[in-house]
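Here is what each chain is made of, one letter per residue.
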Amino acid sequence: MKGAPFSFLRLGLVAQNTLREAVRQRLLHLFLGLALALVLGARSLRDFNFGAPELKFIADCGFGAMTLFGSALTIAATAQLFFSEIENRTALTLLAKPVWRAEFLLGKLVGVALLTALFCALLTGLLAAVLWVREGELMALDPEGFRGGRAVSYAMVALGGWLQWLRLVVLAAFTLLVASFARTQVFAVVCGFGVLVICHLQHLAQEAYTRAGSAVGVALGGLFGGMFPNFQVLSLADSLAAADLPAPGTMVRLTAYGLGWALAAGLLAVLSFRRREI
Amino acid sequence: MKSRLGLALLVCAGLALAGQVLAPLVAEPWRQRREREPALRLEPGVAAAGQGVTLALLGGFRALVADAAWIQMYARWERRDLAGTEAFARLVTTVDPRPVYFWLNAARILAYDFPAWRIEAAGGYDAVPAAVQRAVNEAQAAAALELLGAARQRHPDSVDLWVEEANIHLNRRGDPLAAAAAYREAWARPRAPFYVARLRAEVLRRAGKRAEALAWLREIHPALPEADLGAGAELVLQRIRELEAELGVPAGDVYRPDR
């Protein structure tokens, strides 16, 4: 694309179109339905709960559903939305017009980011509602136990949703990076799940190499570990108490970390996609 | 081919550079989180846990995974499988260290059930020499106390953990002085129930430390609210009088409550 300058408007149009296309997908409905069912059904799983206070258990189920189904949705939707444009040749038509490849690819990323934002907002809202209703019931049953008012910090619940979204955006950017050079959608999906596992468990691998005392292992572990974000950092919302809310500075850093990785992976995806033959 | 390799190297270099720039942003929150969460460290329990921890770490279903593992632990407990029960008990506290319930019950199993199983497996209480029984009790109590120590790192303000430690010292190790020290720690925790303070005095008295018991009761009595029946202020005063009589405290030195 030469001549026309980079346009955020065109990027926005691609994002809008990506989102519109995504919400029509049955895949989204399936994962959303499963996640909603799990959040709503968390109360019926109380019988299997031994240790955690009930509200914390419900919150765990809700955030677990967000992570599991959100990750599956993000990887599958990103790969599908990208490859459908390639396979249906719509990308060819689009890029023949004055549209930058960067606008196309980053538009896809923003579209998926909006999709995951809707997913996380919906589930976080539903989780907060379930917690609110159950907390009200518990307060009525045991007023003494809630002498100080409500125990759940809903700011903490919102923070949990925000961190989940950051993770999903980073995951989408990495899936897009793989898709930018992959030949098949299946390869991109498999690599996306691989990235998910690496990002969650890389710290354990690095520690294992360090303990083993192998210099080569430590060097390779450090190198590969440094190339992937640590998703465990973005799970700080572990408690429901207002006292455990991270400081605003920490939140800014976590947000910068998540968005920084998404931007880096997104820009590298653009770099790779620019050299791709469509 | 050359161009693809160059691109792959460029992408890797870009990711490594991003990692170098972004990692320092979260170094401190990550350090704090790892200190709090055993599942995020490569500890023996985590290494042995396999899929359970992986699911908990990947999926976020920590409470559910811990509950499922707790049920698995009970299946082994019913079969009196020492190794399996202990492995699952430690797994549960690793995956989800937040509920005190898991720590307490795991410690109780180690301290109370395991010695009984080991002694019965060795021929029963009549066949196993008393010295061996004592050694088994000591070893299992030590394992339970070590677990409670780990629990306190996660729950420094838990009264229940100190009370359990005191009970193990008292009932398994037969060491009332260690129990008294643990009850004192329990009493120092926020929202400690009043009975903890009374128990400390009682174990001191049983250990023959009546003067210490008296001093302790005199120390706590002013802090006991008379309106609260659970505080047992009257009962404590009665015990003070009994101890003063037993110790022959002169009339001029007897305890006189301010109120």
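Keep in mind that what you see is a predicted model, and the values were worked out from it rather than measured. (Residues numbered from 1 in each chain as written. Chains lettered and ligands numbered in written order. Predicted model: local features only at pLDDT ≥ 70, side-chain atom pairs only at ≥ 80, totals over all residues.)

Counting its secondary structure elements, chain A contains nine helices and zero strands. Helices and strands appear in chain A in the N-to-C order α-α-α-α-α-α-α-α-α. Across its three principal axes, chain A shows a C-alpha extent of roughly 70 × 50 × 35 Å. Sequence-distant contacts, at least 24 apart, represent 84% of the contacts inside chain A between residues at least 6 apart. (Helix = DSSP H or I, 4+ residues; strand = E, 2+ residues; numbered from the N terminus. Contact = placed C-beta atoms within 7 Å.)

Summing up its helical and strand segments, chain B has 13 helices and zero strands in all. Along chain B, helices and strands appear, N-terminal first, in the series α-α-α-α-α-α-α-α-α-α-α-α-α. Here chain B, with 259 residues, has 38% of them falling under the buried criterion. (Buried ≥ 20, exposed ≤ 12 C-beta atoms within 10 Å, placed from the backbone.)

Now for unusual backbone geometry. At Arg80 of chain B, a residue that is not glycine, the phi angle is positive and equals roughly 60°. Relative to the helices and strands, Arg80 of chain B is located in the loop between helix H5 (62-78) and helix H6 (82-95).

Take the interface of chain B and chain A next. Listed per partner, the contact involves 36 residues of chain B and 40 residues of chain A. For the side of chain B that touches chain A, the secondary structure elements donating two or more residues are helix H1 (2-22), helix H2 (27-36), helix H4 (51-59), H5 and helix H7 (100-121) of chain B. Considering each element in turn, the side of chain B that touches chain A owes the most residues, 12 residues, to H1 of chain B.

Attention now goes to the packing of helix H11 (residues 194-206) of chain B against helix H12 (residues 210-220) of chain B. Residues and elements named next belong to chain B. Look at H11 against H12: their axes get within 7 Å of each other, and the N-to-C directions meet at 165°. With respect to H12, the element H11 is oriented roughly antiparallel. For the element pair H11 and H12, the recorded crossing hand is left-handed. Residue-level contacts link Ala197, Arg200, Ala201, Leu204 and Arg205 of H11 to Arg210, Glu212, Ala213, Trp216, Leu217 and Ile220 of H12. Class assignment of the residues belonging to the contact of H11 with H12 gives a composition of seven nonpolar, no polar and four charged. (Axes fitted to C-alpha atoms, helices over the stretch in contact; angles between N-to-C directions. Parallel < 35°, antiparallel > 145°, perpendicular 65-115°, else oblique. Left-handed = near helix turned anticlockwise from the far one by under 90°. Nonpolar A, V, L, I, M, F, W, Y, C, P; charged D, E, K, R; others polar.)

Structurally, the position occupied by Gly222 of chain A is in helix H8 (residues 215-226). The sequence separation of Gly222 of chain A and Gln202 of chain A amounts to 20 residues, and the corresponding C-alpha distance is 9.5 Å.

The nonpolar side chains of a soluble globular protein tend to be buried, and buried together. Ranked by internal contacts, the top residues of the largest apolar core, which has 141 residues, are Ala173 and Ala265 of chain A together with Val92 and Tyr183 of chain B. In contact with Ala265 of chain A, not counting residues within four places along its chain, are Val170, Ala173, Phe174 and Leu177 of chain A. (Core = buried A, V, L, I, M, F, W, Y, C linked by C-beta atoms within 7 Å.)

Turning next to the packing of helix H9 (residues 159-171) of chain B against helix H10 (residues 176-188) of chain B. Residue and element names in this part refer to chain B. Contact geometry for H9 and H10: axes closest at 8 Å, N-to-C directions at 170°. Comparing their axes, H10 and H9 come out roughly antiparallel. In contact with Val159, Trp162, Val163, Glu165, Ala166, His169 and Leu170 of H9, H10 contributes Pro176, Ala178, Ala179, Ala182, Tyr183, Glu185 and Ala186. Looking at the contact of H9 with H10 residue by residue, the class counts come to 11 nonpolar, one polar and two charged.

The next thing to look at is H10 of chain B. An ideal rise of 1.5 Å per residue puts 18 Å on 13 residues; H10 of chain B measures up with 18 Å between its terminal C-alpha atoms. Among the structural elements, H9 and H11 of chain B are those in contact with the buried residues of H10 of chain B. (Expected span 1.5 Å × (residues − 1).)

This part takes up the environment of Arg274 of chain A. All names here are of chain A. Within the secondary structure, Arg274 sits in helix H9 (residues 248-274). Using a count of 14 C-beta atoms within 10 Å as the deciding quantity, one classes Arg274 as partly exposed. With 173 residues separating them along the chain, Arg274 and Arg101 place their C-alpha atoms 6.4 Å apart.

Turning next to the environment of Val203 of chain B. All names here are of chain B. With respect to the helices and strands, Val203 occurs in helix H11. In sequence terms Val203 and Ala180 are 23 residues apart; their C-alpha atoms lie 6.2 Å from each other. Leave out the neighbours within four places in its chain, and Val203 touches Leu170, Pro176, Ala179, Ala180 and Tyr183.

Residue and element names in this part refer to chain B. Overall, the predicted model of chain B reaches an average pLDDT of 88, with 90% of residues at or above 70. Confidence scores differ between elements of chain B, with helix H3 (residues 44-49) showing the lowest mean pLDDT of 54 and H9 the highest of 96. The complex model carries a pTM of 0.78, and its ipTM stands at 0.85. (pLDDT = per-residue confidence, 0-100.)

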